[in-house]
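So you can see what is in the structure, the chains are spelled out below.
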Amino acid sequence: MTSPAVSSRDLPHPTREEIRLEGVLHALSDPMRLQIVRELAAVGDELSCSHFDLPVTKSTTTHHFRVLRESGVIQQVYRGTAKMNGLRKDDLDGLFPGLLDRLLDAAARQAVRLGGA
């Protein structure tokens, strides 16, 4: 269950209490979604959808952002015409202390091991 959208430009997000571990782990199990989260964590601020250069179609990119939003990993808001994405680090850390940092650290180590960035 997600909080209802207020207007056609508001996007539904789960409340903090609605975020579930299995949803977060599912969202982060995909390499493209993990890449999005790693970039958001590295910047520590909101980034627009157009910032991300993923090697997938626009509709697949949209799907990845929706999965991240509906699982409670990111918050999406419109700022003018741009859809901005921010990591819900405070919510995730409050619910699952240390999980996000450990996953991001493991992903960074894996990227080095496999020769990626």
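Each chain has its residues counted from 1, running along the sequence as written. Only residues with pLDDT of 70 or above have their local features reported here, since the model is predicted, and side-chain atom pairs are shown and tallied only from 80 upward, although totals for entire chains, interfaces and linings are computed over all residues. Water and hydrogen atoms were dropped before computing side-chain values, which therefore reflect all heavy atoms in the structure.

### As for the pattern of salt bridges
Any Lys or Arg side-chain nitrogen located within 4 Å of an Asp or Glu carboxyl oxygen qualifies as a salt bridge. Under the criterion given, the structure shown has 7 salt bridges. Through salt bridges with shared partners, one network takes in Arg16, Arg88 and Asp91.

### So, the UniProt feature "domain: HTH arsR-type" (unreviewed entry) in the protein chain
The feature "domain: HTH arsR-type" (unreviewed entry), as given by UniProt, occupies residues 13-107 in the numbering adopted here. Secondary structure counts use DSSP, requiring at least four H or I residues in a row for a helix and at least two E residues in a row for a strand, with both numbered from the N terminus. For the annotated span residues 13-107, helix accounts for 54% and strand for 15% of the residues, and the straight-line distance between the end C-alpha atoms is 25 Å. UniProt positions are given in the numbering used here, feature names are shortened, and annotations may be inferred rather than shown by experiment.

### Thoughts on the nonpolar core
Nine residue types can take part in a nonpolar core, namely buried Ala, Val, Leu, Ile, Met, Phe, Trp, Tyr and Cys, and a core is a set of them joined through side-chain atoms within 4.5 Å. The rule is simple: take the accessible area with a 1.4 Å probe, protein chains only, and divide by the maximum for that residue type; under 20% is buried, over 50% is exposed, in between is partly exposed. In terms of nonpolar packing, the biggest core is built from 23 residues, with Leu28, Val37, Leu68 and Val73 touching the most fellow members. The set of elements that each furnish at least two residues to this core consists of helix H1 (21-28), helix H2 (31-43), helix H3 (58-71) and helix H5 (99-113). Whether two residues are in contact is decided by their heavy atoms: any pair within 4.5 Å suffices. Excluding anything up to four places from it in sequence, Leu68 contacts Ala27, Leu28, Arg33, Ile36, Val37, Val73 and Ile74.

### Regarding H5
The span you would expect from a helix comes to 1.5 Å times its residue count less one. Here H5 contains 15 residues, and its C-alpha end-to-end distance of 21 Å stays within 8% of the 21 Å for a straight helix at 1.5 Å per residue. Along H5, the residues classified as buried are Leu100, Leu104, Ala107 and Ala111. Buried residues along H5 cover an arc of 60° about the axis, so they all sit on one side. Opposite its buried face, H5 presents the exposed residues Arg102, Val112 and Arg113, each directed more than 90 degrees away. Next to the buried residues of H5 lie H1, H2, strand S3 (82-87) and helix H4 (89-95). One or two positions beyond H5, positive phi appears at Gly115, with a value near 85°. Of all possible arcs, the one meant is that of the directions from the helix axis to the C-beta atoms.

### Considerations on the packing of H1 against H3
A fitted line through C-alpha atoms represents every axis, and for helices the fit uses only the stretch in contact; the resulting angles, taken between N-to-C directions, go from 0 to 180 degrees. One way to put it is that H1 packs onto H3 with a least axis distance of 9 Å and a crossing angle of 160°. As the angle between them shows, H1 and H3 are arranged roughly antiparallel. For H1 against H3, the interelement crossing comes out left-handed. Contacts between H1 and H3 involve Gly23, Val24, His26, Ala27 and Leu28 on the former and, on the latter, Val67, Leu68 and Ser71. Split into classes, the residues belonging to the contact of H1 with H3 amount to 5 nonpolar, 3 polar and no charged. Put simply, angles under 35 degrees are roughly parallel, angles over 145 are roughly antiparallel, angles from 65 to 115 are roughly perpendicular, and the rest are oblique. Here is the rule for handedness: rotate from the far helix to the near one, and if that takes an anticlockwise turn smaller than a right angle the crossing is left-handed, while a clockwise turn gives right-handed. Note on residue categories: nonpolar means Ala, Val, Leu, Ile, Met, Phe, Trp, Tyr, Cys or Pro, charged means Asp, Glu, Lys or Arg, and polar means any other residue, Gly included.

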